[in-house]
Amino acid sequence: MLRLANNHLITLLVACAAALCISAHIAVAGEVAFLEDEASGDFNVVGELRFSSLAKLNARVVINYQEDSGDHYAVAFAGGKAKFFRVMGATTTHIGSIGALTPPRAGAETAAFTVQRRDWRMALVWDGRVIARAYDSLLHDGKAGTVAAGGGSFEELMIQPVGDIFVADDFVREEGGLSAWEVASGKWQQRTLREDDQAGRQDADKSANAFSYLGKRKDDKPAIAVTGYWFWDIYSMQAAIKPADHEAIGLVIYFQDADNYIVIRWLGREHPAGGSLQVVAVRNGESEVVAESKGGFRADQWYCLRCAVSAGVIHVWVDDELRLATRTDAFGQGQVGLYCESNKGAFFDDVVCGPWELFAENFTEEVPGKWQTLEGGWQHTNGSLRPTSNTPALVVTGRRAWEHYEYSITIQPAESGGCGLVVGYQDSNNYCLLRWAQKGTPYAGKAQVVRVREGEEKVLAEAPVSIPAKSWYRAEARLTDGLIALAVAGRPQVEAFSPGLTAGAVGVFATAAAGTQFDNALLQIIPPKQTSRITQEFADVSKHPEMAEWASTQAPWVKPDVGSTWWTKGDYFGEHALVFTIPNVGAKSGNIKLLVGASDPGDKDACNLVVALTSGSKEIALALRAGDQLLAEAKAQVEGPKAKLSFERRGHWLVVLLNDDCVLQANMASLPKPVE
């Protein structure tokens, strides 16, 4: 179970949408002052709101306005509060949390605000703090505008499109080369990592990584260098860092200016304050420690420090170990940066910033619209989600675009009945259900993977289930490129492969199980697999013969002394893939044989794929075997001159992809075990 540094569970918001009768007037098209630009995809509506009294303020920001129907979302500023609404036809529905409108800094005549729209997420940033969030995916694109009904006026309005987030810098560039970094404070310079005489003669184009970025404290201010855009809000950032002493180093997120930002601040083991890892919010130059965990770094040693922020939740890793998890509503958006408090400095290298996705829920507060009830009834009681009766009950949340993820939840089962997790949800007729029960259902004693397609259920796989009795346990579903797997209490239960099931929202299910409790849901995107890389600087082996062993396409392979079989040098456990491209399909006839899972080069029982090519034909024949046993075979047409082939092991499954389409699959768990 993931906990905060202060031992409180992560606090996020939850609930089922409900139509409300509200006294507040919601704008109609004639009252809306539309902005000139249309808002499509992910975007922000940015501006300032001038008012004399927050209590008398009555204003709205309208987004995703559909001209044909008038349907839209609205952020209402009224009675000192801010609320999100969905307006569809004659029905107005309150969605999301309710935020308090606080006065801006003393002397300010206006309050800056940003309305964020991200697929299914919406948020209101008011005076540098997120005060309300909402979740809904029914409406997209359309117009944006404002309504100033009384007590205030809008100024400096604009629509800011939000595109992909990505920064990568290894600081290998020629002297005087352009830099994406802006110095906010301190002293920064590009420096070679080496300190010998030869280092000064190195050229950036002849080194794998000759340089890094050196930051030093200056004028009693920490060194901060930033990049990116002010409207970035959901992302991960990492950097390799080598500190010169035990003064604090770190990463900056949500940077506004030199006096307003969040810093992931890491102190060395011998720091006067003691070694610790902190999340610190700096507002108007004043620092507040949001969360902290013990443990400092050693000087003169490289570390990989990584952080990620999504909807106010912050995770921090050191060398891929999760060290800190917390949440804050500070700022809600901003640039990313590097941080150092040392006069001697710290080296930064291999910086990467990109998109991130995280969903965490502990059901402590109801947020209308965040969870959608599809069947039965659900209620929030004592910080958990429960079905209200023994009839089948299903509730979902999240983005239909989520893919390649792990989704888990803590369950306190009732004495009987079935439980389940939903993955790959696209609509009420298309999703995947992983369900299990000890008694009280037709599948008692089993765990099943059920694919619902166009409303029709099909059991893809089932197995005897093993779960703790009468106690809380954790259930985890995994959806990765068509592979669906279920684990309960840390034990694998059942898995199936369905090529077309790659993405979708998530949820929970219960039947004949009144009293079952669900708590602490967590969804995390699985990082992409690492691939073999070629070091281009040394790829010309005629100039660098000593590098031929590791800087070429043959690096991972053992050249055969006898025969024509090339074997990889290493052993591969768990999921892996052998990927290559066949050039000039149809130019020659012949067979290619691929093997995986061999115990040694002489293993005759290894799984193998035979690819048959015919001169003058674009048809490729494929045969998948375990030893001599034929598992599956197929023929496929190739349109272009090349064919990309991927032979993969996914869980217990062997999968063959041709130009990214699944053409063969086989469940290895169903094969009879060899006789000893």
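Everything below is about the structure shown above.
Note that residues are indexed from 1 along each chain, following the sequence as it is written. Only residues with pLDDT of at least 70 are given local features in this predicted model, and only at 80 or more are side-chain atom pairs given and counted; all residues enter the totals for whole chains, interfaces and linings. The side-chain numbers reported here are obtained from all heavy atoms of the structure, hydrogens and water having been left aside.

Asker: I keep staring at the sheet that holds strand β9 (residues 110-118) and nothing clicks. Help me out?
Answerer: Strand pairing in a sheet relies on backbone hydrogen bonds. The paired strands run either parallel or antiparallel. Reading across from one edge, β11-β10-β9-β4-β13 is the order of the five strands in this open sheet, with antiparallel pairing throughout. Two strands lie at the open edges of the sheet, namely β11 (129-135) and β13 (152-161), each paired on one side alone. Neighbour-to-neighbour, the strand axes of this sheet turn through a mean angle of 15 degrees, independent of strand direction. Following DSSP output, two strands are said to pair if at least two bridges run between them. The helix count covers DSSP runs of H or I at least four residues long, the strand count covers runs of E at least two residues long, and both are numbered beginning at the N terminus. Of the pairings in the sheet, the one linking strand β4 (residues 43-51) to β9 comprises eight bridges and is antiparallel in character. Across the sheet, the residue bridging to Leu-49 is Ala-111, located in β9. With axes taken as lines fitted to C-alpha atoms, and helix axes fitted only over the stretch in contact, angles between N-to-C directions fall between 0 and 180 degrees.

Asker: I keep staring at the side chain of His-246 and nothing clicks. Help me out?
Answerer: Here His-246 is to be found in the loop between β19 (235-243) and β20 (249-257). Each polar contact in these results corresponds to two N or O atoms within 3.5 Å; when the atoms are within protein, one needs to be able to donate a hydrogen and the other to accept it, and residues that are neighboring in sequence are counted only if both atoms are side-chain atoms. Among the polar contacts listed, one links the side chain of His-246 to the backbone nitrogen of Arg-269, at a separation of 3.3 Å. Polar contacts involving the side chain of His-246 include one to the main-chain amide nitrogen of Glu-270, which spans 3.3 Å. By the convention used here, residues are in contact when the closest approach between their heavy atoms is within 4.5 Å. Excluding its chain neighbours within four sequence positions, the residues that come into contact with His-246 are Leu-267, Gly-268, Arg-269, Glu-270, His-271, Phe-297, Arg-298 and Ala-299.

Asker: Any chance you could explain the pairing of strand β6 (residues 72-78) here in plain terms?
Answerer: Along a regular strand, successive side chains alternate from one face of the sheet to the other. Buried, partly exposed and exposed residues are distinguished by accessible area as a fraction of the type maximum, computed with a 1.4 Å probe on protein chains only: under 20%, between the cut-offs, and over 50%, respectively. Burial of β6 is extensive: six of the seven residues sit out of reach of the surface. Sheet topology note: the strand β5 (residues 58-65)/β6 ladder contains six bridges and is antiparallel. Paired with Asn-58 across the bridge in β6 is Ala-78. Linking two consecutive strands that pair antiparallel, namely β5 and β6, is a turn of six residues; a positive phi of about 80 degrees is found at Gly-70 within it. As judged from the seven bridges shared by β6 and strand β7 (residues 81-88), these two strands associate in the antiparallel manner.

Asker: Just to check I follow, could you spell out the sheet that holds strand β46 (residues 576-582) for this structure?
Answerer: The strand order β46-β51-β52-β53 describes an open sheet built from four strands, whose pairing is antiparallel. Only two strands of the sheet have a single neighbouring strand rather than two, namely β46 and β53 (661-667). The average undirected angle you get between the axes of adjacent strands in this sheet is 15 degrees. Of the pairings in the sheet, the one linking β46 to strand β51 (residues 643-650) comprises seven bridges and is antiparallel in character. Within β51, the position partnered with Phe-580 by the bridge is Leu-645.

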